[in-house]
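A structural walkthrough
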Amino acid sequence: MRKILIVGGGYAGFYTAWKLERKLRRDEADLTIVDPRPYMTYQPFLPEVVAGSIEARHAAVSLRRHLRRTHVVAGSVTAIDHEHRVVTVEPNTGDDFELSYDLIVVTAGAVTRKFPVPGIAEQAIGLKHVEEAVAIRDRLLTAFDQAAALPPGPQRQKLLTVTFVGGGFSGVEGFGELLSLATALLKRYPELHRDELRFHLVEATGRILPEVTDEPGRWVVRSLEKRGGNVHLNTQITSAVDGHVVLSSGEEFDSELIVWTAGNGANPVISRHTDLPIDGRGLIVVRPDLRVGTDEDPVPDAWAAGDDAAVPDLASPVAGARTVPNAQHAYRQGKLLARNIAAVLHGRKPKRYLHHSLGSIATLGLGRGIFQYRGIVIKGLPAWLMHRGYHVLAVPSWERKTRVLAIWLTAGIFGRDILSLASVQRPRDAFVAGGEPAARAGRK
């Protein structure tokens, strides 16, 4: 029986394991997947988790529930020694240990790319995981509660100021959804006024949403600005110390919530701690059939896909192009990985990865969206409905589809839940305070 090790439980890793369970007999392979989280995050739903349109748990797919024949290891692979067919695992608790394997599948996924901007590491929060999306939503709701109890002034203005850094899909969707939530909240807070909201989207280049063409991108900017957003193009954030944001344009303001979505970086285990071949960007060199290496220098028993793999884009007219790191590719690459691994184990020839884009689609807030497929552009409510329809079909398992549809229906009837549970991040506060105000309890 061959030992197959899958590094990473994101899109590509989850789908590889899920499909291999169906394509290989129990006596053919022993499957193991290593990931620090016990779930696969369905990232396209994170902006709607931010807005409260989807329950946080519904944007995650349990590995143990759906991977019934796969051994799930809660930890991170910190080193890959393919020459000796062994990886080093840092478990969530306990000492590091080694895992041996016969065949490895590397789908570790990218990490949030950070820049050495003063204050960002201390003040900002990412938007790549469910817990980050929940925290963003709770912080906004908590800020509204706090601001409503304060008189107009600098402290209240800071609480009502939100800054997103990065104008890619994650940043624009998160920005649009949170702006939609904040605008809706004003109906419940008569103490606050619309002109007190300050939403800033900072993008270093001259456009947002690079996956769409120029005119649809400009339409998105106009749409966000019409709703009260401030879009800063060709602008960088130079400091965020203590929440005081300084932009390269010279503009300065205080912001209670700073969300960092300025791109992805290669996972450190791939870029620095493996003997597998990597390219100049720190990505694993992959052949069109998703096997590691090149046609001239293949690496036996090693496969890779997803954000950390330089997968050739056979659908692109540009020579040497690589597939972009998004869910559309990772999902399909994971399924092909399973088919190809099973094919090789059964003595058949693997197939090359070829996928023609289905277009780009983004949610910009409740009832607002944009879709583009080549020269076809759809805006507003139809695009938003297409976004929801596509992703409810794409999220794995009928169990998750049903839960998401149920919460959408409930929200459509009763509205979004505006309850903040930020206190769950500090569950012992009430116990320690013993009924005393927090400040007074802290002096004891």
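Residues numbered from 1 in each chain as written. Predicted model: local features only at pLDDT ≥ 70, side-chain atom pairs only at ≥ 80, totals over all residues. Heavy atoms only, no water.

1. Here we look at the environment of Val285
Using the following cut-off: The numbering of helices and of strands both runs from the N terminus, where a helix is a DSSP run of H or I of at least 4 residues and a strand a run of E of at least 2. Residue contacts follow a heavy-atom distance rule, with two residues in contact if any of their heavy atoms lie within 4.5 Å.
Tracing the chain through its elements places Val285 in strand β19 (residues 284-285). Spatially, the C-alpha atoms of Val285 and Asp242 are 41 Å apart, while their sequence positions differ by 43 residues. When residues no more than four places from it in sequence are discounted, the contact partners of Val285 are Pro277, Ile278, Asp279, Arg291, Val292, Gly293 and Thr294.

2. Structural notes on the domain arrangement of the protein chain
As a reminder, the rule being used: Boundaries between domains were set according to an automatic or database domain assignment. Note: buried area is the sum, over both parts, of the accessible area (probe 1.4 Å) each one loses when the two are combined. Only one rule defines a salt bridge in this text: a Lys or Arg side-chain nitrogen within 4 Å of an Asp or Glu carboxyl oxygen. Residues are sorted three ways: Asp, Glu, Lys and Arg are charged, Ala, Val, Leu, Ile, Met, Phe, Trp, Tyr, Cys and Pro are nonpolar, and all the rest, Gly among them, are polar.
Splitting the protein chain by domain gives domain 1 (2-112 + 264-346) and domain 2 (131-261 + 359-414). The C-alpha centroid of domain 2 is placed 30 Å from the C-alpha centroid of domain 1. If you look at the interface, domain 1 gives 29 residues, while domain 2 gives 27 residues. Here domain 1 and domain 2 share an interface that buries about 2400 Å² over both sides, 60% of which is from carbon and sulfur atoms. Contact with domain 2 buries surface across domain 1, with Glu48, Val50 and His58 losing the most and accounting together for 24% of the total. Joining domain 1 to domain 2, the criterion identifies three salt bridges. Where Glu48 meets Arg388, a salt bridge forms, and the shortest distance between an N and an O atom there is 2.8 Å. Counting only elements with at least two residues in the side of domain 1 that touches domain 2, the list comes to α1 (11-23), β3 (39-41), α2 (46-51), β4 (60-62), α3 (63-66) and α10 (327-345). With six residues, α2 is the single largest residue contributor to the side of domain 1 that touches domain 2. The class makeup of the residues in the side of domain 1 that touches domain 2 is 17 nonpolar, six polar and six charged.

3. Quick word on the packing of aromatic side chains
Worth spelling out the cut-off: Note on aromatic contacts: the rings of Phe and Tyr and the six-membered ring of Trp form a pair at centre separations within 6.5 Å, being stacked when their planes are under 30 degrees apart, edge-to-face when over 60 apart, and tilted otherwise. Buried residues are those whose accessible area, probed at 1.4 Å on protein chains only, stays under 20% of the maximum for their type, while exposed residues exceed 50% and partly exposed ones sit between those limits. Charge over a ring is defined by NZ of Lys or CZ of Arg lying within 6 Å of the ring centre and within 35 degrees of the ring normal.
This structure, assessed with the given rule, holds eleven aromatic pairs. Residues Phe14 and Trp18 carry aromatic rings whose centres are separated by 5.3 Å and whose planes lie at 35° to one another, so their mutual orientation is tilted. Taken together, the residues span about one helical turn, with Phe14 and Trp18 both in helix α1 at a distance of four residues. When sorted by exposure, Phe14 lands in the same class as Trp18, which is buried. Three or more aromatic residues joined by ring pairs make a cluster, and in this case those are Tyr11, Tyr42, Phe45 and Trp408. In this structure, Lys19 packs its charged tip against the face of Trp18, placed 5.2 Å from the ring centre. The positively charged end of Lys401 is found above the aromatic ring belonging to Trp398, 5.6 Å away from the centroid.

4. A closer look at the pattern of salt bridges
Here the structure, examined in full by the defined rule, presents 18 salt bridges. Among the salt bridges present, the one from Glu131 reaches Arg37, with a minimum N-O distance of 2.8 Å. One end of the pair, Glu131, is in helix α5 (residues 130-148); the other, Arg37, is in the loop between β2 (29-35) and β3, and 94 residues separate them in sequence. Linked through salt bridges whose partners overlap, the residues forming this network are Arg65, Glu399, Arg400 and Arg403.

5. Structural notes on a positive patch on the surface
Selection rule: Patch rule: a residue counts if its relative accessible area is over 30% and it has no salt bridge; like charges are joined within 9 Å, and nonpolar side chains (Val, Leu, Ile, Met, Phe, Trp, Tyr) within 5 Å. In this description, accessible areas are obtained by the Shrake-Rupley approach with a 1.4 Å probe, and a residue is regarded as covered only by the protein chains that are shown. Charge assignment: positive for Lys and Arg, negative for Asp and Glu; neither His nor the chain ends contribute. Note that the charge is assigned to NZ on lysines, CZ on arginines, CG on aspartates and CD on glutamates.
Taken together, Lys23, Arg339, Arg348 and Lys351 make up a surface patch of like positive charges. Relative to the assigned elements, Arg339 resides in helix α10. For Arg339, a relative accessible area of 39% translates into the label partly exposed.

6. Brief notes about the nonpolar core
Rule in force here: Working definition of a nonpolar core: buried Ala, Val, Leu, Ile, Met, Phe, Trp, Tyr and Cys residues. They are joined through side-chain atoms within 4.5 Å.
Residues Ile4, Ile80, Phe144 and Leu178 are the most contacted members of the largest nonpolar core, which totals 109 residues. Residue-level mapping places this core at the junction of two domains, with at least three residues from each of domain 1 (2-112 + 264-346) and domain 2 (131-261 + 359-414). In contact with Leu178, other than residues within four places in its own chain, are Val50, Ile136, Leu140, Val162, Phe164, Phe199 and Leu257.

7. Describing the confidence of the model for the protein chain
Rule in force here: Each residue gets a pLDDT score, which is the predictor's confidence in that residue and runs from 0 to 100.
Across the protein chain, the average pLDDT comes to 91, with 98% of residues at 70 or higher. No element of the protein chain has a lower mean pLDDT than helix α14 (residues 438-442), at 50, and none a higher one than strand β11 (residues 161-165), at 98.

8. Observations regarding the sheet that holds strand β6 (residues 86-91)
Put simply, the rule reads: Pairing between strands is defined by DSSP: at least two bridges between them are needed. Lines fitted to the C-alpha atoms define the axes, with helices restricted to the stretch that makes contact. Angles between their N-to-C directions range from 0 to 180 degrees.
The strand order across the open sheet built from eight strands is β7-β6-β5-β2-β1-β8-β21-β20, with neighbouring strands paired in mixed fashion. Every interior strand has two partners, whereas the edge strands, β7 (97-100) and β20 (291-293), have only one. The average undirected angle you get between the axes of adjacent strands in this sheet is 45°. Sheet analysis places strand β1 (residues 2-7) next to β2, joined by six bridges and oriented parallel. Pairing of Val7 across the sheet is with Val34, part of β2. Relative to β2, α1 is tilted by about 160°, and along the sheet it contacts β1, β2, β5 (70-81) and β8 (103-106). Across the sheet, α10 touches β1, β8, β20 and β21 (298-304), and the angle it forms with β21 is around 145°.

9. Focus: the packing of α5 against helix α7 (residues 169-185)
In helix packing, the relevant descriptors are the interaxial angle and the interaxial distance, both defined with respect to the helix axes. Which entries qualify depends on this criterion: Note that the term roughly parallel is reserved for angles under 35 degrees, roughly antiparallel for angles over 145, roughly perpendicular for angles of 65 to 115, and oblique for everything else. The hand of a helix crossing depends on one turn: near helix anticlockwise from the far one by less than a right angle means left-handed, and clockwise means right-handed.
The geometry of α5 relative to α7 is characterised by a closest axis approach of 11 Å and an angle of 25° between their N-to-C directions. Here α7 runs roughly parallel to α5, going by the angle between their axes. Handedness of the α5/α7 crossing: right-handed. Along its contact with α5, which presents Ile136, Arg137, Leu140, Leu141 and Phe144, the element α7 presents Leu178, Leu181, Ala182 and Leu185. Here the contact of α5 with α7 is composed, by residue class, of eight nonpolar, no polar and one charged.

10. Remarks on the pairing of β2
Keep this limit in mind: Viewed with both strands pointing away, a crossover whose connecting path from the first strand over the helix to the second turns clockwise is right-handed.
β2 sits mainly inside the fold: six of its seven residues count as buried. Crossover handedness for the path β1 to α1 to β2: right-handed.

11. Remarks on α1
To keep it simple, the criterion reads: Multiplying 1.5 Å by the residue count of a helix minus one yields the expected span of that helix.
The end-to-end C-alpha separation of α1 is 18 Å, in line with the 18 Å expected for 13 residues at 1.5 Å each. Those residues of α1 that sit buried are Tyr11, Ala12, Gly13, Phe14, Tyr15, Thr16, Ala17, Trp18, Leu20 and Glu21.

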